[in-house]
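# Close look at the chain arrangement
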Amino acid sequence: MKFTKMQGCGNDYVYINCFEEKVEDAPALARKVSDRHFGIGADGLVLIKPSSRDDFTMEMYNADGSQGKMCGNAIRCVGKYVFDHRMTKKRELAVETLAGTKYLSLNVSGDKVSEVTVLMGVPVFEPEKIPVVAEGKSVVDMPVTVDGRKYRITAVSMGNPHAVIFVEDTKNFPIEKIGPLFERHEMFPERVNTEFVKVLDRENISMRVWERGSGETWACGTGACASAVASVINGYTDGKVTVHMLGGNLHIRYDGEGGQVHMTGPAVEVFRGEL
């Protein structure tokens, strides 16, 4: 079975072209290839499949084999893969995901994609749709006690559930200890991705992320979008935000209440191989 390792801001996945290959047990394969000591090493597995309604389908699995609905970094790499591998000549693509259809604009340099803008959709704030167990129409700056310390969370879904927490220092934050406690907190019946965010100025934030099913990753596209949206609705930033992560930067634009979120960032092929 042929595979391609790709990354977006250091958020890396193993990609399988299911137009040519057949995957029998995707969760087991995800666990196998993601292992950084005995496998290829990745944050998960992405299957590129045909779609009955869109140009392609992205099916993704986390490192622990659980299926994810959407990944912003992974879908940019899908756009690069299908264009660079001559599966399409289009520079505007519709990709089917479990979080709905996402629309991609490919920035082509020479004959290869260097950067992709994804129309990520409208953020969801209703607790039951995220889901998060809470009263009211939204969870914005809500106090939550974890490990004896009070945090304030803003919950947003960008296809995946996110809890955004503003902190004074992201670099030294004990994410390995606190991240898992948020991921499996009783407030989040489907677990949650947790972003720890420091506001740098009106146009820049820094972020570290603990992803459900994968642990800390170098970047998270939906998490960057959720963090930017949370920064805007809490009044910390303007609508255009650069999100600085361990693996690089993403540029997010939020059109405001009821509006769309746009994400722009790199997509890189690391290497190809055969299992």
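Going by the structure above, here's the rest.
Described in the following lines is the structure provided in the data block. What you see is a predicted model, and the numbers here were worked out from it, not measured in a lab.

Along the backbone of the protein chain there are four helices and 18 strands. For the protein chain, the spread of C-alpha atoms along the principal axes amounts to about 50 × 35 × 35 Å. Residues counted as buried form 55% of the 275 residues belonging to the protein chain. Counting only carbon and sulfur atoms, one obtains 47% of the accessible surface of the protein chain, whose full area is about 12,000 Å². Looking at charge distribution, the protein chain has the averaged site of its 33 positive side-chain charges lying 2 Å from that of its 37 negative ones.

Moving on: helix H2 (residues 72-84). With 13 residues, H2 extends 19 Å from end C-alpha to end C-alpha; this agrees with the ideal 18 Å at 1.5 Å per step. Across the 13 residues of H2, 13 count as buried, placing the element largely inside the fold. Among the residues trailing H2, Arg 86 stands out with phi positive, at a value near 60°.

So, about unusual backbone geometry. A cis amide bond links Ile 130 to the next residue, Pro 131, at an omega of -5°. Position of Pro 131 relative to the elements: it lies in the loop between strand E8 (112-121) and strand E9 (142-146). In this structure, Asp 141 is a non-glycine residue whose phi angle is positive, near 55°. Assessed through its relative accessible area of 33%, Asp 141 is described here as partly exposed. Residues other than glycine seldom take positive phi values, yet Arg 191 does so here, at roughly 65°. Structurally, Arg 191 is set in the loop between helix H3 (175-183) and strand E12 (193-201).

The residue Glu 135 is located in the loop between E8 and E9 in this model. Linking Glu 135 and Ile 16, residues 119 residues apart in sequence, is a C-alpha distance of 42 Å.

What follows deals with the packing of aromatic side chains. Given two aromatic rings, one states the distance between the centres and the angle between the planes to describe the pair. Here the structure, examined in full by the defined rule, presents seven aromatic pairs. A ring pair is formed by Tyr 151 and Phe 182, whose centres lie 5.4 Å apart and whose planes are at 80°; its orientation type is edge-to-face. On the criterion of sequence distance, the pair formed by Tyr 151 in strand E10 (residues 149-157) and Phe 182 in helix H3 is long-range, its members being 31 residues apart. Of the two residues, Tyr 151 and Phe 182, both sit in the buried class. Pairwise contacts between aromatic rings join Tyr 151, Phe 173, Phe 182 and Phe 196 into one cluster.

Turning our attention to the nonpolar core. Ranked by size, the top nonpolar core spans 52 residues in total, and within it Tyr 15 and Ile 252 carry the most contacts. The element best represented in this core is H2, accounting for seven residues. The residues touching Tyr 15, leaving out its near neighbours within four places in the chain, are Phe 3, Thr 4, Met 6, Val 46, Ile 48, Asn 73, Ala 74, Cys 77 and Val 78. Counting 20 residues, the second-largest nonpolar core is a separate cluster that includes Ile 153, Met 187, Phe 188 and Val 192.

The final tally for this structure, using the stated rule, is 20 salt bridges. A salt bridge links Asp 12 to Arg 36, with the nearest nitrogen and oxygen atoms 2.8 Å apart. With Asp 12 in strand E2 (residues 11-17) and Arg 36 in the loop between helix H1 (26-34) and strand E3 (44-49), the pair connects residues that are 24 residues apart, well separated along the chain. Here Asp 12 falls in the buried class, since its relative accessible area comes to 6%. Two residues, Arg 86 and Asp 111, come together in a salt bridge whose shortest N-O distance is 3.1 Å. With Arg 86 in the loop between H2 and strand E6 (92-97) and Asp 111 in the loop between strand E7 (100-109) and E8, the pair connects residues that are 25 residues apart, well separated along the chain. Connected through salt bridges with shared partners, the residues Lys 5, Asp 12, Arg 36 and Asp 43 form a single ionic network.

Rules behind the numbers
Each residue is numbered by its place in its chain's sequence as written, counting from 1. Local features in this predicted model are restricted to residues of pLDDT 70 or higher, and side-chain atom pairs are both shown and tallied only at a pLDDT of 80 or more, whereas totals for entire chains, interfaces and linings draw on every residue. Note that the side-chain values use all heavy atoms of the structure and ignore hydrogens as well as water. Secondary structure elements are taken from DSSP: a helix is a run of H or I of four residues or more, a strand is a run of E of two residues or more, and numbering for both begins at the N terminus. For every residue, the accessible area obtained with a 1.4 Å probe (protein chains only) is divided by the maximum for its type, and the residue is called buried under 20%, exposed over 50%, and partly exposed between those limits. For every accessible area listed, the method is Shrake-Rupley and the probe measures 1.4 Å; residues are considered covered only by the protein chains on display. Neither His nor the chain ends contribute to the count of charged residues, in which Lys and Arg are positive and Asp and Glu negative. Charge positions are represented by NZ for Lys, CZ for Arg, CG for Asp and CD for Glu. Here a helix's expected span is defined as the number of its residues, less one, multiplied by 1.5 Å. Centres within 6.5 Å make a pair out of two Phe, Tyr or Trp rings, where for Trp the six-membered ring is used; the pair is then stacked when the planes are under 30 degrees apart, edge-to-face when over 60, and tilted otherwise. To define a nonpolar core, start from buried Ala, Val, Leu, Ile, Met, Phe, Trp, Tyr and Cys residues and group those joined through side-chain atoms within 4.5 Å. Every residue pair with non-hydrogen atoms within 4.5 Å of one another is taken to be in contact. Any carboxyl oxygen of Asp or Glu within 4 Å of a side-chain nitrogen of Lys or Arg constitutes a salt bridge here.

Everything listed here is a matter of geometry and, on its own, says nothing about what the molecule does.
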